[in-house]
Amino acid sequence: MNCDTLLRSSKKPTIIAIACIFFPMLVGAGFLALDHSISGGNSTVTAKGYLFWCAILPVTGFPVLARLLSGLKILYTRLGKDALTAAMLIDAYGWVLFTILIPYSNEGGKPLLSAMSTLLFIVFCFCVARPILTRVIEHRIRMGTWDSSKMLDVMIGLLVCSYITDLLGTHHVVGAFVYGLILPGGKFADLMMEILDDFVTEIIAPVYFSSFGFRLHLEALWTQSYTGLFSIVMVVLLAIPKVLSSMMVTFFFGVSARDGLGLGLLLNTKGMMAVLMLSVAWDKTLLDPYAFTIMMLAILFMSVMVSPLINVIYKPKFRFLQTQLKTVQKLRCDAELRVVACVHNAHQVTGMIHVLEATNATRISPLHISVLHLVELTRHGTGLLVTQMENSTVQGGSSESHYRSQEEFEIIAQAFEVFVEEYNAVRFETSSVASTYKTIHEDIYNATEEKRGCLILLPFHKQPSSEGVLEVTNDAFSDINQNVLQQPPCSVGIFVNRGLRSLLKTKMSIIVIFTGGPDNCEALSVAWRMAGHSGTQLHVVRLLVLGSEAAEEEAFHWD
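The model shown is predicted, which means the values in this text are computed figures rather than measured ones.

A.B. asks: It is not clear to me how the pattern of salt bridges should be interpreted in this structure. Could you clarify?
C.D. replies: Opposite charge on two side chains allows them to pair when their charged atoms are near. Under the definition given, this model contains 8 salt bridges. Here Lys12 ties to Asp82 by a salt bridge, and the two come within 3.0 Å at their closest N and O atoms. With Lys12 in helix 2 (residues 11-38) and Asp82 in helix 5 (residues 78-105), the pair connects residues that are 70 residues apart, well separated along the chain. In this structure Lys12 comes out as partly exposed when scored by relative accessible area, which is 21%. In this structure, Arg140 engages Asp153 in a salt bridge whose closest nitrogen and oxygen atoms are separated by 4.0 Å. Within this pair, whereas Arg140 is found in helix 6 (residues 111-143), its partner Asp153 is found in helix 7 (residues 151-167), the two being separated by 13 residues in sequence. For Asp153, a relative accessible area of 41% puts it in the partly exposed group.

A.B. asks: Sorry, what's going on with the pairing of strand 10 (residues 508-514) here?
C.D. replies: For a regular strand, side chains alternate in direction, first toward one face of the sheet and then toward the other. The side-chain alternation of strand 10 yields one buried face, formed by Met508, Ile510, Val512 and Phe514, and one unburied face, formed by Ser509, Ile511 and Ile513. Sheet analysis places strand 10 next to strand 11 (residues 536-542), joined by 7 bridges and oriented parallel. Paired with Met508 across the bridge in strand 11 is Thr536. You can see the chain leave strand 10, run along helix 19 (residues 518-530) and come back into strand 11, and the turn it takes is right-handed.

A.B. asks: It is not clear to me how helix 13 (residues 272-283) should be interpreted in this structure. Could you clarify?
C.D. replies: Side chains three or four residues apart in an α-helix point the same way, a direct result of the helix having 3.6 residues per turn. With 12 residues, helix 13 should reach 16 Å at 1.5 Å per residue; the first-to-last C-alpha distance of 16 Å fits that figure. Buried positions along helix 13 lie against helix 3 (47-56), helix 5, helix 8 (172-182), helix 9 (187-213) and helix 14 (289-314). After helix 13 finishes, the residue Thr285 shows a positive phi value of roughly 50 degrees.

A.B. asks: What am I meant to see in the packing of aromatic side chains here?
C.D. replies: Think of a pair of aromatic rings as described by two things: how far the centres are apart, and how the planes are tilted against each other in angle. Going through the model one piece at a time under the given rule, you end up with 7 aromatic pairs. Centroid distance Trp282 to Phe292: 4.8 Å. Interplanar angle 35 degrees. Geometry classified as tilted. Residue Trp282 is found in helix 13, and its partner Phe292 is found in helix 14; the two are separated by 10 residues along the sequence. A connected cluster of aromatic rings, assembled from ring pairs, spans Trp95, Phe98 and Phe177.

A.B. asks: For this particular structure, what's the right way to read the nonpolar core?
C.D. replies: Counting 107 residues, the largest nonpolar core has Trp53, Leu65, Phe98, Leu266, Leu267 and Met277 as its most contacted members. In this structure Trp53 touches Gly28, Leu32, Met234, Leu238, Leu287, Ala291, Ile294 and Met295, once residues within four positions along its chain are discounted. Counting residues in hydrophobic clusters, the runner-up holds 34 residues, among them Leu337, Met352, Ala358 and Met530.

Here is what the cut-offs are and how they apply
Residues numbered from 1 in each chain as written. Predicted model: local features only at pLDDT ≥ 70, side-chain atom pairs only at ≥ 80, totals over all residues. Heavy atoms only, no water. Salt bridge = Lys/Arg side-chain N within 4 Å of Asp/Glu carboxyl O. Helix = DSSP H or I, 4+ residues; strand = E, 2+ residues; numbered from the N terminus. Buried < 20%, exposed > 50% of the residue type's maximum accessible area, 1.4 Å probe, protein only. Pairing = 2+ DSSP bridges. Right-handed = clockwise from strand over helix to strand, strands pointing away. Expected span 1.5 Å × (residues − 1). Contact = heavy atoms within 4.5 Å. Phe/Tyr/Trp six-rings, centres within 6.5 Å; stacked < 30°, edge-to-face > 60°. Core = buried A, V, L, I, M, F, W, Y, C linked by side-chain atoms within 4.5 Å.

See below:
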């Protein structure tokens, strides 16, 4: 979770988050009151139990949602970004409310003093402990003296922070959460994920969550006051308020009902926070067995049903049809050319800019460039740290950065800024797309559809060496290009860099070998647009087939 993102959140996800917090809380209180009246007053839910019940419903599991969006390949779409930003705001609300509720749920003591002391401890961690830890750890990382043997030091700090918050009357998990926030990112975060990811996700988390199965009282669902059907209806009804609130807000912003429904379903995803709050309420006997079991089943129902329902609503595998391809040939002369330029590293940027420069952007037909920095996601656990959703404004467009390639991303953004300053008819936006190389083409598809691009530019997997010979840089780049060519939403061009220079310094001659067919027509359309530049000459060579093969070729083109 990035604190800057919370402060820079745009209007739409902020309002969605507010609606998805308060509306489910009010409706949830009504459902619990209905349960109390049906039971004939036998429910033992206390007033504090009402607070926990209402606080659990709106909570969204941000890490779980990030992993889900990455798996569904909608993380970099507008829907995914809005869902993730709203989830961050809701998750932040959950932690604040959790920190406040715990002291007030304790019997006796001074809850206000406990809450204020915890707040002062958090301020101390961010203002004093964080700069010291960052300086020490980054120095050791730079000197190469940090290794897995230093994990004991990290664990001691975790235990100290957990013990302090528990001593102050708050939950020990709050201290662990704050400790995680003050630790630095970058290479240190990678090292921590590499050491702890498998152990936590495959051993600790399953054991912790399985313990809740022993607390379920399924026999409470079939008592004299309740029926099995009423319990099922109750579980389903608890999932509806957040969907309704999301649809109402998105309708106000002019978003389609399908996206509003999808956003509400995604924000219903639950995670550690909801289970933790429910566990505290049970341990302090604030909820009766029936209320606890209903809420636990509702959490499972909401989280399990999100992925299949989103697949049914959006059908990502059938999204791109060949009859709906966007091409340069279909553009009007005065239409904006929208290009999605993909780069793997900063070395490919110069050649890509020179190609885009040759597309002859004018005020009548401007050029909009969506730059995708393709980053390989090597470990599944880092999917929770992939995306930073802030949009920092730069000249010419917006940017999103990824913590593992911050420096390279900034070099790419700066190069395109210089390009935009030279050509007023060009605007751009840059973003990092992190995924495994086997599935990154799906993210390219979704980003292209989101940006309404009509041309995807990919770098060739071979780059010129110092001697001018093309050498293979990465075999995986070739596989990515092949995958993108399978079912793209628009035209695809692969740029083979043989030392192309800027049109400000040289002139360019284009030769198009035309044999007919849709691909040749699209290539000719791109070349025709380039020929509008004063420094470009276009030569078209038409190859005609004679004899019986000519008739077959003509019939093929007509088909």
